[in-house]
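Commentary on secondary and tertiary structure
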Amino acid sequence: MVTAVVLLQFFQHSRNENGDQNHAEFKKALNVPENIGQILNASCFDCHSNSTRYPWYTMLQPVGWWMRSHINEGKSELNFDEFDSYPLRRKLSKLKSIAERIEDGSMPLQSYTLIHRSAKLSDKEQKIMTNWISKTLDSLKKNK
Amino acid sequence: MKNIILGMAMSSLLFAACNNTTKTTDNGSTADTTKSTDTSLTKNSSVATTTVLSDYLKLKNALTEDDAANAAEASKNFVASINGIDKSALPAQQAKVLAEISEDIKEHAEHISSNAGNIIHQREHFEILSEELYDLLKAGNPTGTKLYYTNCPMYNKGKGGNWISETKEIRNPYLGKSMPDCGSVKEELN
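Residues numbered from 1 in each chain as written. Chains lettered and ligands numbered in written order. Predicted model: local features only at pLDDT ≥ 70, side-chain atom pairs only at ≥ 80, totals over all residues.

**Notes on the interface of chain B and chain A**
Interface extent is often summarised as the accessible area lost during association of the parts. Taken residue by residue, the interface counts eight residues in chain B and seven residues in chain A. Looking at the side of chain B that touches chain A, the elements with two or more residues in it are α5 (92-113) and α6 (119-138) of chain B. (Contact = placed C-beta atoms within 7 Å. Helix = DSSP H or I, 4+ residues; strand = E, 2+ residues; numbered from the N terminus.)

Right, here's the structure in full:
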């Protein structure tokens, strides 16, 4: 068993570090205020962008693989680094879904925040996020 | 004209029955009137969206029956129908709307088809899909008969949700069998 775990460590996964760590394009496109940016950094970007900040324990397998599967799934649903290139309709419905997911507490994923404690959103942070999203939706709709 | 007045009266009645505010009724009726001028331009030129609409209605009806498996099946066909729209047969305005919604509406339909085990999630995507389809059909109704743009004020903790129906009679796809007749017609698409 121990040998197996040790052997596992030699299989490191490819890392999701191909994007801008600051996600400046997205932040600029949606005029993201500082406090929202911080919440996104802590709770969203690691799985929903092209650049993940890996905590040390993701160097341990199988935690790293498990993290990778979260990232792959997360990115396929929503990638903030590609957000600005989505057509307007897609932007609107993604934002709407983001707010729904935050509101019903299903995002960030519980199985994820269980380990990544700092990604968990407080009630206040949830509120701040959903308010910002509904404001952003309104301003995007005006340009429709 | 007689029809429009009748329609307005009917929707007012329906609204009253559901305790909606007068403000909503006003919106509904104004939209009704503008609608009838719109469609005169596009009538008979929108048949290209016929199968899209019929797949949508199958999806909608499956949800009214709380039938997630059939909803998944219907939305799979819906994706194919969107892909199959003959764009050259669309009026310019409708082609423009299609270009705007096409990618997104397919994504929602795909989510519905891959979530046969989660009807709540299906309904959430159905809500956005319905909004987008409404925009498309407002630019041209493929049927010779009326379509009813209907609202359920109770869906999603009171945020409400809309859908397109082939019948004036309410059969609610969001609340399904638990509350089949909640809702009211907001607008008639001629």
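Structure shown, so let's carry the discussion forward.
**Description of the packing of helix α3 (residues 34-43) of chain A against helix α7 (residues 123-142) of chain A**
Residue and element names in this part refer to chain A. Taken N-terminus to C-terminus, the directions of α3 and α7 make an angle of 115 degrees; their axes are 10 Å apart at the nearest point. The interaxial crossing formed by α3 with α7 has left-handed handedness. Every residue of α7 that contacts α3 at N35, I36 and I39 is listed here: E125, I128, M129 and W132. Taken together, the residues that form the contact of α3 with α7 break down as five nonpolar, one polar and one charged. (Axes fitted to C-alpha atoms, helices over the stretch in contact; angles between N-to-C directions. Left-handed = near helix turned anticlockwise from the far one by under 90°. Nonpolar A, V, L, I, M, F, W, Y, C, P; charged D, E, K, R; others polar.)

**Details of the confidence of the model for chain B**
All names here are of chain B. With 76% of its residues at a pLDDT of 70 or more, chain B shows a mean pLDDT of 82. Element-level mean pLDDT values for chain B span from 41 in helix α2 (residues 22-42) up to 97 in strand β2 (residues 161-165). Predicted confidence is poor over residues 4-45, with pLDDT under 50, and the contacts of this stretch with residues over four places away or in other chains come to 41 contacts. Overall fold confidence (pTM) sits at 0.76, and the ipTM for the predicted complex is 0.75. (pLDDT = per-residue confidence, 0-100.)

**Things to note about the sheet that holds β2(B)**
Residue and element names in this part refer to chain B. Overall, antiparallel pairing links the three strands, which are arranged β2-β1-β3 in an open sheet. The sheet is open, and its two borders are formed by β2 and β3 (184-189), each paired with just one other strand. Ignoring which end each strand starts from, the neighbouring axes of this sheet average 25 degrees apart. One ladder, built from five bridges, connects strand β1 (residues 147-152) with β2; its direction is antiparallel. Of the residues in β2, the one forming a bridge with Y149 is I164. Sitting on the sheet, α6 touches β1, β2 and β3, and the angle it makes with β2 is about 50 degrees. (Pairing = 2+ DSSP bridges.)

**Topic: unusual backbone geometry**
For the bond from Q61(A) to P62(A), the omega torsion is 5 degrees, close enough to zero to count as cis. Look at the link from M107(A) to P108(A): it is a cis peptide, with omega at -5 degrees. Along the chain, the position of P108(A) falls in the loop between α5 (88-103) and α6 (110-113). In this model, N31(A) sits at a positive phi of 55 degrees, which is unusual for a non-glycine residue. For N31(A), the location among the structural elements is in the loop between α2 (24-29) and α3. By C-beta crowding, N31(A) is classed as exposed, having 10 other C-beta atoms within 10 Å. One non-glycine residue, D66(B), lies in positive phi territory at about 55 degrees. (Buried ≥ 20, exposed ≤ 12 C-beta atoms within 10 Å, placed from the backbone.)

**Some words on the nonpolar core**
Residues and elements named next belong to chain B. Judged by nonpolar contacts, the single largest core of 35 residues is most densely connected at L59 and A71. When contributions to this core are tallied by element, the ones reaching two or more residues are α3 (50-64), α4 (68-84), α5, α6, β1, β2 and β3. The dominant element in this core, judged by the number of residues it contributes, is α6, at seven residues. The contacts of A71, once residues within four sequence positions are left out, are L59, A62, L63, I112 and Q122. (Core = buried A, V, L, I, M, F, W, Y, C linked by C-beta atoms within 7 Å.)

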